[in-house]
Amino acid sequence: MVDALLADARSNIAPDHRTSFFDVKGTASGTTLTLTGEIQDQERKDQLLRFIRERGGYAVVDSIVALPSPTLGEKTIGVVNVSVANLRTKPEHPAEMASQAILGTPVKVLKKKGGWYLVQTPDEYLGWTDDRVVRMSPHGYENWVREPKVIVTAGETRVRTAKDRASQPVSDVVAGSILVLRGSPGAFYEVEYPDGRTGFIPKDEASLYGKWLADAKDTPERIIATAKRFFGVPYLWGGTSSKGMDCSGFAKTVYFLNGVLLPRDADQQGDVGDPVEIPEGKMDLKPGDLMFFGSHAGAGEPEHISHVAISLGGRRFIHSSADVHFNSLDPADSDYSDFRTSSFLKARRIIGAGEPSGVRRLALIPYYRANEH
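Right, let's walk through the structure included here. Since this is a predicted model, take the numbers as computed values, not measurements. (Residues numbered from 1 in each chain as written. Predicted model: local features only at pLDDT ≥ 70, side-chain atom pairs only at ≥ 80, totals over all residues. Heavy atoms only, no water.)

Focus: the side chain of Thr226
Part 1 of the reasoning: Looking at the secondary structure, you find Thr226 in helix H5 (residues 220-229).
Part 2 of the reasoning: Polar contacts involving the side chain of Thr226 include one to the side chain of Asn258, which spans 3.0 Å. (Helix = DSSP H or I, 4+ residues; strand = E, 2+ residues; numbered from the N terminus. Polar contact = N/O pair within 3.5 Å; in protein donor to acceptor, adjacent residues only side chain to side chain.)

Here we look at the sheet that holds strand E2 (residues 32-39)
Part 1 of the reasoning: A sheet is described by the order of its strands in space; here three strands give the open sequence E1-E2-E3, paired in mixed fashion. Looking at the sheet topology across the chains shown, the edges are occupied by strand E1 (22-29) and strand E3 (59-66). Direction aside, the axes of adjacent strands within the sheet are offset by 10 degrees on average.
Part 2 of the reasoning: Pairing geometry for E1 and E2, over eight bridges, is antiparallel. Looking at E2, one finds that Thr27 is bridged to Thr34.
Part 3 of the reasoning: Across the face of the sheet, helix H1 (residues 2-13) comes into contact with E1 and E2 while running at roughly 150 degrees to E1.
Part 4 of the reasoning: Sheet contacts for helix H2 (residues 42-56): E1, E2 and E3; angle to E3, the most-contacted strand, approximately 160 degrees. (Pairing = 2+ DSSP bridges. Axes fitted to C-alpha atoms, helices over the stretch in contact; angles between N-to-C directions. Contact = heavy atoms within 4.5 Å.)

Digging into the layout of surface pockets
Part 1 of the reasoning: Taken as a whole, the largest pocket holds about 780 Å³ of empty space.
Part 2 of the reasoning: Among the elements of the structure, E1, strand E6 (97-102), strand E7 (106-113), strand E9 (126-129), helix H6 (247-256), helix H7 (266-269) and strand E23 (304-313) are those that each provide at least two residues to the lining of the largest pocket.
Part 3 of the reasoning: Per-element tally for the lining of the largest pocket: the top contributor is E23, with four residues.
Part 4 of the reasoning: A per-class count over the lining of the largest pocket returns 14 nonpolar, nine polar and 11 charged. (1 Å grid on protein atoms, 1.4 Å probe; cavity = no way out; pocket = protein on both sides within 12 Å on 5 of 7 lines; lining within 4 Å. Points joined across faces, edges and corners; volume = space filled by probe spheres on them. Nonpolar A, V, L, I, M, F, W, Y, C, P; charged D, E, K, R; others polar.)

Description of the packing of H1 against H2
Part 1 of the reasoning: Running from N to C, H1 and H2 cross one another at 135 degrees; their axes reach a closest spacing of 10 Å. Here H1 is positioned oblique relative to H2, judged by the angle of their axes. Read as a crossing pair, H1 and H2 show a hand that is right-handed. Along the contact surface, H1 presents Leu5, Leu6, Asp8, Ala9, Asn12 and Ile13, while H2 presents Arg44, Gln47, Leu48, Phe51, Ile52, Arg55 and Gly56.
Part 2 of the reasoning: For the contact of H1 with H2, a count of residues per class yields seven nonpolar, three polar and three charged. (Parallel < 35°, antiparallel > 145°, perpendicular 65-115°, else oblique. Left-handed = near helix turned anticlockwise from the far one by under 90°.)

Regarding the side chain of Ser241
Part 1 of the reasoning: Along the chain, the position of Ser241 falls in strand E18 (residues 240-241).
Part 2 of the reasoning: Of the residues examined, Ser241 reaches a relative accessible area of 2% and is grouped as buried.
Part 3 of the reasoning: Setting aside chain neighbours within four positions, we find Ser241 in contact with Val84, Gln100, Ile102, Val174 and Thr253. (Buried < 20%, exposed > 50% of the residue type's maximum accessible area, 1.4 Å probe, protein only.)

Notes on the packing of H5 against H6
Part 1 of the reasoning: Relative orientation of the contacting elements H5 and H6 amounts to 125 degrees, with a least axis distance of 9 Å. Overall, the two elements H5 and H6 adopt an arrangement that is oblique. In this structure, H5 meets H6 at a crossing whose hand is right-handed. Counted together, Ile223, Thr226 and Ala227 of H5 and Phe250, Val254 and Tyr255 of H6 form the full contact between these two elements.
Part 2 of the reasoning: Here the contact of H5 with H6 is composed, by residue class, of five nonpolar, one polar and no charged.

Considerations on the nonpolar core
Part 1 of the reasoning: In this structure, Phe250, Leu290 and Ile310 are the most contacted members of the largest nonpolar core, which totals 39 residues.
Part 2 of the reasoning: Elements with a minimum of two residues in this core: helix H4 (209-215), H5, H6, strand E20 (260-261), strand E22 (290-295) and E23.
Part 3 of the reasoning: Per-element tally for this core: the top contributor is H6, with six residues.
Part 4 of the reasoning: Setting aside anything within four residues of it in sequence, one finds Leu290 in contact with Ala251, Tyr255, Leu262, Gln269, Val308, Ala309, Ile310, Lys346, Ala347, Arg348 and Ile350.
Part 5 of the reasoning: One finds Val24, Leu35, Leu48 and Tyr58 within the second-largest nonpolar core, a separate group that totals 18 residues. (Core = buried A, V, L, I, M, F, W, Y, C linked by side-chain atoms within 4.5 Å.)

Focus: empty space enclosed by the protein
Part 1 of the reasoning: Under the counting rule described, the total for this entry stands at two cavities of 30 Å³ or more.
Part 2 of the reasoning: Counting residues per element, the ones that place at least two in the lining of the largest cavity are E6 and H6.
Part 3 of the reasoning: In terms of residue count, E6 provides more of the lining of the largest cavity than any other element does, four residues in total.
Part 4 of the reasoning: Along the lines of polarity and charge, the residues of the lining of the largest cavity split into nine nonpolar, seven polar and three charged.

Focus on the environment of Val180
Part 1 of the reasoning: Examined against the element boundaries, Val180 turns out to sit in strand E14 (residues 178-183).
Part 2 of the reasoning: Note: C-alpha distance between Val180 and Pro194 (14 residues apart in sequence) is 7.8 Å.
Part 3 of the reasoning: Each residue touching Val180, except ones within four places of it in the same chain, is listed here: Trp144, Glu147, Pro148, Lys149, Glu190, Val191 and Glu192.

Pasting the structure below:
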């Protein structure tokens, strides 16, 4: 009965394990229930305790730890310090890669296990990483936020130790990486990493972040132009960078580079934006619409989204499957895919959709606010 009660609580309070941490166990003795384990935050802990008392009728002995873990001290915010940090489902290298976070991404640090940190990215996705994340106190993070920044616009490039494209690299960087601006000498920006390392990046491979953010627009032309930049990039499960990306990572990256933060996975993306009506026999999709594929509802099973693509308009689309390439739902098209035709489910319109539809624009997200001196 206790297990069923906690399962019911989880489905109400933390229904998606990808975005909510819930590891609570209970032991009953008569009318007293002792709860142990960890939960996402104090708000969810309070919700859980109310749920147990109202639904279960127990007197509760509360031994639940609300994250972030007190063992972390004040440093509960982190900033990714490598070009691409891998986020895994468990704190071990053989574990499945769930997602990635690129250089300059701020994360909530929730707990530590061995050399691994459980972090939560701005799209609320959870994962374990042992890659370099510079931990900060809220005060230290606010100081970092106030610094002027640059954003990398090249697909992949290097930050160099000197104002010379042939000099020793400090590290690689990918499109969307964010670094502190320290100077603007000649044809280079002088930049600083979250850990204090410095280097130089050519101005034709990066932009002043404040200007970039102000100019970022998710227009059909910009979305398609950005998507085509990644043509041929290999598929990588969990990938969200120009080094390799899965289907939803591709859609997410393309929209991020145009100022929009999409949810991480295809099924989550299928819940945001505005629905697109598709009359029988007519698929008049607009460039930039997200197209979703999977298994249709039937025989007591719900619809299941397993793939996402970006519409090029009409029946043609671009997506990451083996690599980033074109396909079509038109049998007369040389890029026709019978498999994608049979598994097509629906489309959602992100361009022009408002905040109530779940579409979040970077300019309105505190994590990504700009401050140029």
